[in-house]
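# Structural overview
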Amino acid sequence: YRYRHVRPILAIDTGMQRFATPAPLVDELFRITGADEAFTHATRLEHVTRLRQLVGPRKLRLHAAATSLLHEPAAHLDAVRPGYALYA
């Protein structure tokens, strides 16, 4: 009961296989968890495109962990974890 109000952020594997939800389980985990945010470790624009495809028409906040995509307007989601760019 302690964690019943916790809203998880779903990590989605879009090709890097970095400890994230495999594509076939995305719909089921959204249903089970009630997550309203999702993110991916994205190093290429294709990863961002795949994230958008996998979440479909859901109204979610999307994040990309991608220093390499800060210059790509098509990769600008609701948030980004710029990582190394903060230190460069």
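Our subject is the structure that appears above.
A brief report on the enclosed structure follows. (Residues numbered from 1 in each chain as written. Predicted model: local features only at pLDDT ≥ 70, side-chain atom pairs only at ≥ 80, totals over all residues. Heavy atoms only, no water.)

## Describing the overall build of the protein
Secondary structure summary: the protein contains two helices and four strands in total. Along the protein, helices and strands appear, N-terminal first, in the series β-α-β-α-β-β. For 88 residues, the compact-globule formula gives about 12 Å, and the C-alpha radius of gyration of the protein, at 13 Å, lands near that figure. For the protein, the C-alpha atoms occupy an extent of roughly 45 × 25 × 25 Å along the three principal directions. Classification of the 88 residues of the protein by burial places 32% in the buried group. When contacts within the protein are restricted to residue pairs at least 6 apart in sequence, long-range pairs at least 24 apart make up 52% of them. In the form shown here, the protein has an accessible surface area of approximately 6,100 Å², with 56% of it arising from carbon and sulfur atoms. Averaging the locations of the 12 positively and 8 negatively charged side chains of the protein gives two centres separated by 6 Å. (Helix = DSSP H or I, 4+ residues; strand = E, 2+ residues; numbered from the N terminus. Rg over C-alpha atoms; globule rule 2.2 N^0.38 Å. Buried < 20%, exposed > 50% of the residue type's maximum accessible area, 1.4 Å probe, protein only. Contact = heavy atoms within 4.5 Å. Areas by Shrake-Rupley, 256 points an atom, 1.4 Å probe, with all protein chains shown as cover. Lys, Arg positive; Asp, Glu negative; His and termini not counted. Charge placed at Lys NZ, Arg CZ, Asp CG, Glu CD.)

## Side note on the side chain of E37
Structurally, E37 is set in strand β2 (residues 37–41). One polar contact links E37 to R61, side chain to side chain, over a distance of 2.9 Å. Here H63 takes part through its side chain, which lies 2.5 Å from a polar atom of the side chain of E37. With residues up to four places along the chain from it excluded, the contact list for E37 reads P8, I9, L10, F30, L60, R61 and H63. (Polar contact = N/O pair within 3.5 Å; in protein donor to acceptor, adjacent residues only side chain to side chain.)

## Side note on the side chain of T14
Structurally, the position occupied by T14 is in the loop between β1 (9–11) and α1 (26–33). The buried category is assigned to T14, whose relative accessible area is 9%. Not counting residues within four places of it along the chain, the set of residues in contact with T14 comprises T40, H41, H47, R50, L51 and L54.

## Some remarks on the pairing of β2
Burial analysis of β2 places four of its five residues in the buried class, the great majority of the element. Here three bridges tie β1 to β2, and the two strands are oriented parallel to one another. Looking at the pairing, I9 lines up with E37 of β2. A crossover links β1 with its parallel partner β2, the connecting element being α1, and its sense is right-handed. In the sheet, β2 pairs with strand β3 (residues 61–65) via five bridges, with the strands oriented parallel. The residue bridging A38 from the neighbouring strand is L62, located in β3. What joins β2 to β3 is helix α2 (residues 45–55), and the crossover it makes is right-handed. (Pairing = 2+ DSSP bridges. Right-handed = clockwise from strand over helix to strand, strands pointing away.)

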